[in-house]
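# Summary of structural features
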Amino acid sequence: MAKEKEAPIEDDDDLDFEVEFTTREEYFTSCATLIQIADMINPMTSEESILKKNILRRCYKIIDVMSAEMYDELFEDREELES
């Protein structure tokens, strides 16, 4: 039985890459932690108040987007069947 030859790799630099994946759980956990931290901020200045509002607004937006994606994945097939 003939053994198949592998094509030689001409440029090893093409193989150097970094892939980072962030799971939904990591997003949710990070947002939950940030919300807890933001809740502990007692704003003394308008800058601190803006900082707290921005952190909360961004976290709630991430949670909203991620939960909407999960909802769509779970119920998309059901909606198509009901149509």
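The structure we're discussing is the one just above.
In what follows, the accompanying structure is described. (Residues numbered from 1 in each chain as written. Predicted model: local features only at pLDDT ≥ 70, side-chain atom pairs only at ≥ 80, totals over all residues. Heavy atoms only, no water.)

## A word on the overall build of the chain
Our working rule: The helix count covers DSSP runs of H or I at least four residues long, the strand count covers runs of E at least two residues long, and both are numbered beginning at the N terminus. Exposure categories follow from relative accessible area, calculated using a 1.4 Å probe and restricted to protein chains: below 20% of the type maximum is buried, above 50% is exposed, and the middle band is partly exposed. Residue contacts are counted whenever heavy atoms from the two residues lie within 4.5 Å of one another. The protein chains shown are the only cover counted for residues, whose accessible areas, like all others here, come from Shrake-Rupley with a 1.4 Å probe.
Helix and strand content of the chain: two helices and zero strands. In the chain, which comprises 83 residues, the share counted as buried stands at 8%. Across the chain, contacts joining residues at least 24 apart in sequence account for 55% of those joining residues at least 6 apart. When the accessible surface of the chain is split by element, carbon and sulfur atoms take 54% of a total near 8,000 Å².

## Some words on the side chain of K52
The condition is simple: Asp and Glu count as negative and Lys and Arg as positive, but His and the ends of the chain are not part of the count. The rule for a salt bridge is simple: a side-chain nitrogen of Lys or Arg has to be within 4 Å of a carboxyl oxygen of Asp or Glu.
Position of K52 among the secondary structure elements: in helix α2 (residues 46-82). Despite its burial, K52 remains without a salt bridge, the nearest opposite charge being carried by D39 at 4.8 Å. Beyond its immediate stretch of four places on either side in the chain, K52 contacts A38, D39, I41 and P43.

## Considerations on the packing of aromatic side chains
Applied cut-off: In this analysis, rings of Phe, Tyr and Trp, with Trp reduced to its six-membered ring, are considered paired at centre separations within 6.5 Å, and the interplanar angle assigns stacked below 30 degrees, edge-to-face beyond 60, and tilted for intermediate values.
One pass over the structure, following the stated rule, counts one aromatic pair. Taken together, a centroid distance of 4.6 Å and an interplanar angle of 45° make the contact between Y71 and F75 tilted. With Y71 and F75 both in helix α2, this residue pair falls four residues apart, about one helical turn. In this structure Y71 comes out as partly exposed when scored by relative accessible area, which is 46%.

## Overview of a negative patch on the surface
What counts here: Each patch is built from salt-bridge-free residues with over 30% relative accessible area, joining like charges within 9 Å and nonpolar side chains (Val, Leu, Ile, Met, Phe, Trp, Tyr) within 5 Å. Charge positions come from single atoms, namely NZ of Lys, CZ of Arg, CG of Asp or CD of Glu.
Judged by side-chain charge, E69, D72, E76 and D77 come together as a negatively charged surface patch. Tracing the backbone through its elements, the reader meets E69 in helix α2. Taking the relative accessible area as the measure of exposure, E69 reaches 37% and is therefore partly exposed.

## As for helix α1 (residues 24-40)
Spelled out, the test is: Here a helix's expected span is defined as the number of its residues, less one, multiplied by 1.5 Å. As used here, the arc is the angular range of directions from the helix axis to the C-beta atoms.
Here α1 is 17 residues long and its end C-alpha atoms lie 25 Å apart, about the 24 Å a rise of 1.5 Å per residue gives. Listed as buried for α1 are C31, I35 and A38. Buried positions in α1, seen along its axis, are confined to an arc of 65° and lie on one side of it. Residues of α1 that are exposed and point over 90 degrees away from its buried face: E25, T29, Q36 and M40.

## Notes on the pattern of salt bridges
Evaluation of the coordinates by the stated rule reveals one salt bridge. Between E73 and R24 there is a salt bridge, with the nearest N and O atoms lying 2.4 Å from each other. Taken as a pair, E73 in helix α2 and R24 in helix α1 lie far apart in primary sequence, 49 residues in all. Note on E73: relative accessible area 51%, which makes it exposed. The class of R24 is partly exposed, set by a relative accessible area of 23%.

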